[in-house]
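Each chain, written out:
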Amino acid sequence: MTHTVMSSATREIVLGFDRPFVVIGERINPTGRALLSAEMAAGDYHRVRADAVAQVEAGAAMLDVNAGIPMADEPGILAEAVRQVQAVVDVPLSIDSSIVAALEAGLEAYDGKPLVNSVTGEEERLESVLPLVARYGAAVVAITNDESGISQDPDVRFDVARTIVRRAADHGILASDIVVDPLVMPIAAVSAAGRDVMALVGRLRRELGVNTTCGASNISFGLPNRGGINAAFLAMAIGAGLTSAITNPLEPDILRTVLAGDVLTGNDANCAAWIRRHRAANGDGDGAASGRRRSNRRRARSGG
């Protein structure tokens, strides 16, 4: 079994086909969040810290940290965001940027073994990101596009993934430290997007033996009730072999799907996590209901 290990200063997370599915919280990302973007650019990280805590409390095992703010000091902001997040939660982080200098700043600030998000099959990106990953002993997300763009053919994307794995080996990076992103396209625009991802995830598992991740929310872009689509997509992707996803743990349907997926794939021993989560929820509910019944009985006895 391929195990991809990431760590913070105090906690280790393992991706694997025989391990529970890993939710990587997506919320610390200023893209499309004007207020968060303005705050981070101004050096205000209170919302970053609050989002970090909320996602971990909801069930995220890792967090993605992105500081892609136009016309801002992305390396400095990303490094400070990493420090701020590590000060309030102890889960491993995915350091997310398209700018190599920002990735390096984030890695320098990080305490532990992070996931670098990301490298592509483009020659310039391979030769700038892979040495950085090797130097810091990180794991890396491999995105399956290259100079030709994003192919609609899943076989071409598989070839890009295989190339990245081979080139990473030239830098001493093990396949176990590569987490491949098969690239999820919006189903509203590409009708075969769901089928393509399932097929590609299966091949990546069988033929390359690598762990996988994706931006799961991309599948529902432009559609109503995105949470419902995202949850159904995750259920199918977990069945196909997906081992992690960058997604929103604050969506109840997402966490229920992931917990149920672990049960059904045999990666929740004795269904312990499922029982623990629902026993706690039912206990709270039963307690509240009992309190209401006691209150109603008191009112009835008093004639109120």
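Coordinates for the structure precede this section.
Residues numbered from 1 in each chain as written. Predicted model: local features only at pLDDT ≥ 70, side-chain atom pairs only at ≥ 80, totals over all residues. Heavy atoms only, no water.

J.: Requested: an account of the overall build of the protein chain, with residues and values cited.
T.: Secondary structure assignment for the protein chain yields 10 helices and 10 strands. Relative to its length of 304 residues, the protein chain is compact, with a C-alpha radius of gyration of 21 Å against a globular reference of 19 Å. For the protein chain, buried positions account for 50% of its 304 residues. Taking contacts inside the protein chain between residues at least 6 apart in sequence as the whole, the part at least 24 apart equals 67%. Taken as a whole, the protein chain presents about 13600 Å² of accessible surface, with 52% of it coming from carbon and sulfur. Side-chain charges of the protein chain comprise 30 positive and 36 negative groups, with the mean position of each set lying 14 Å from the other. (Helix = DSSP H or I, 4+ residues; strand = E, 2+ residues; numbered from the N terminus. Rg over C-alpha atoms; globule rule 2.2 N^0.38 Å. Buried < 20%, exposed > 50% of the residue type's maximum accessible area, 1.4 Å probe, protein only. Contact = heavy atoms within 4.5 Å. Areas by Shrake-Rupley, 256 points an atom, 1.4 Å probe, with all protein chains shown as cover. Lys, Arg positive; Asp, Glu negative; His and termini not counted. Charge placed at Lys NZ, Arg CZ, Asp CG, Glu CD.)

J.: I'd love a proper account of the packing of aromatic side chains, names of residues and values included.
T.: Within the structure shown, the criterion is met by 0 aromatic pairs. Positioned above the aromatic ring of Phe158 is the side chain of Arg203, whose terminal nitrogen or guanidinium carbon lies 3.8 Å from the ring centre. (Phe/Tyr/Trp six-rings, centres within 6.5 Å; stacked < 30°, edge-to-face > 60°. Lys NZ or Arg CZ within 6 Å of the ring centre and 35° of its normal.)

J.: An account of helix α6 (residues 154-170) is requested, with residue identities and associated values reported.
T.: Its 17 residues place the ends of α6 25 Å apart at the C-alpha level, agreeing with the 24 Å of an ideal helix rising 1.5 Å per residue. For α6, every residue scored as buried is listed here: Pro154, Arg157, Phe158, Val160, Ala161, Ile164, Val165, Arg167 and Ala168. Looking at the buried side of α6, the elements it contacts are β6 (115-119), α5 (123-136), β7 (139-143), β8 (178-181) and α7 (193-208). The residue sitting at the N-terminus of α6 and contributing the capping side-chain oxygen is Asp153; that oxygen lies 2.9 Å from the backbone nitrogen of Asp155. Two residues or fewer after α6 comes Gly172, characterised by a positive phi angle close to 80°. (Expected span 1.5 Å × (residues − 1). Polar contact = N/O pair within 3.5 Å; in protein donor to acceptor, adjacent residues only side chain to side chain.)

J.: I'd like a rundown of the packing of helix α4 (residues 100-109) against α5, residues and numbers included.
T.: Any two packed helices are characterised by how steeply their axes cross, that is the angle between the axes, and by the distance between the axes. Contact geometry for α4 and α5: axes closest at 11 Å, N-to-C directions at 5°. Considered as vectors, α4 and α5 are oriented roughly parallel to each other. On α5, the residues touching Val100, Leu103, Glu104, Leu107 and Glu108 of α4 are Arg125, Ser128, Val129, Leu132, Arg135 and Tyr136. Class assignment of the residues belonging to the contact of α4 with α5 gives a composition of 6 nonpolar, 1 polar and 4 charged. (Axes fitted to C-alpha atoms, helices over the stretch in contact; angles between N-to-C directions. Parallel < 35°, antiparallel > 145°, perpendicular 65-115°, else oblique. Nonpolar A, V, L, I, M, F, W, Y, C, P; charged D, E, K, R; others polar.)

J.: Can you break down the pairing of strand β4 (residues 62-66) residue by residue, with the values?
T.: Counted residue by residue, β4 has 5 buried out of 5 residues, so it is predominantly covered. Of the two faces of β4, the one lined by Met62, Asp64 and Asn66 and the one lined by Leu63 and Val65 are each fully buried. Here 3 bridges tie strand β3 (residues 22-28) to β4, and the two strands are oriented parallel to one another. Among the inter-strand pairings, Gly25 is bridged to a residue of β4, identified as Leu63. Sheet topology note: the β4/strand β5 (residues 93-96) ladder contains 4 bridges and is parallel. Bridge pairing in β5 links Val65 to Ile95. Between β4 and its parallel partner β5, the chain crosses via helix α3 (residues 74-88), and the hand of that crossover is right-handed. (Pairing = 2+ DSSP bridges. Right-handed = clockwise from strand over helix to strand, strands pointing away.)

J.: Residues and numbers for the pattern of salt bridges, please.
T.: Tallied over the full model, the rule gives 12 salt bridges. Across the pair Asp51 and Arg33 runs a salt bridge whose closest N-O atoms are separated by 2.9 Å. Within this pair, whereas Asp51 is found in helix α2 (residues 46-58), its partner Arg33 is found in the loop between β3 and α1 (34-41), the two being separated by 18 residues in sequence. Across the pair, exposure class does not vary: Asp51 and Arg33 are buried alike. Note that Glu80 and Arg83 form a salt bridge whose closest N and O atoms lie 3.1 Å from each other. Placement of the pair is Glu80 and Arg83 together in helix α3, with a separation of 3 residues, close to one helical turn. Judged by relative accessible area, Glu80 falls into the partly exposed class, the value being 23%. (Salt bridge = Lys/Arg side-chain N within 4 Å of Asp/Glu carboxyl O.)

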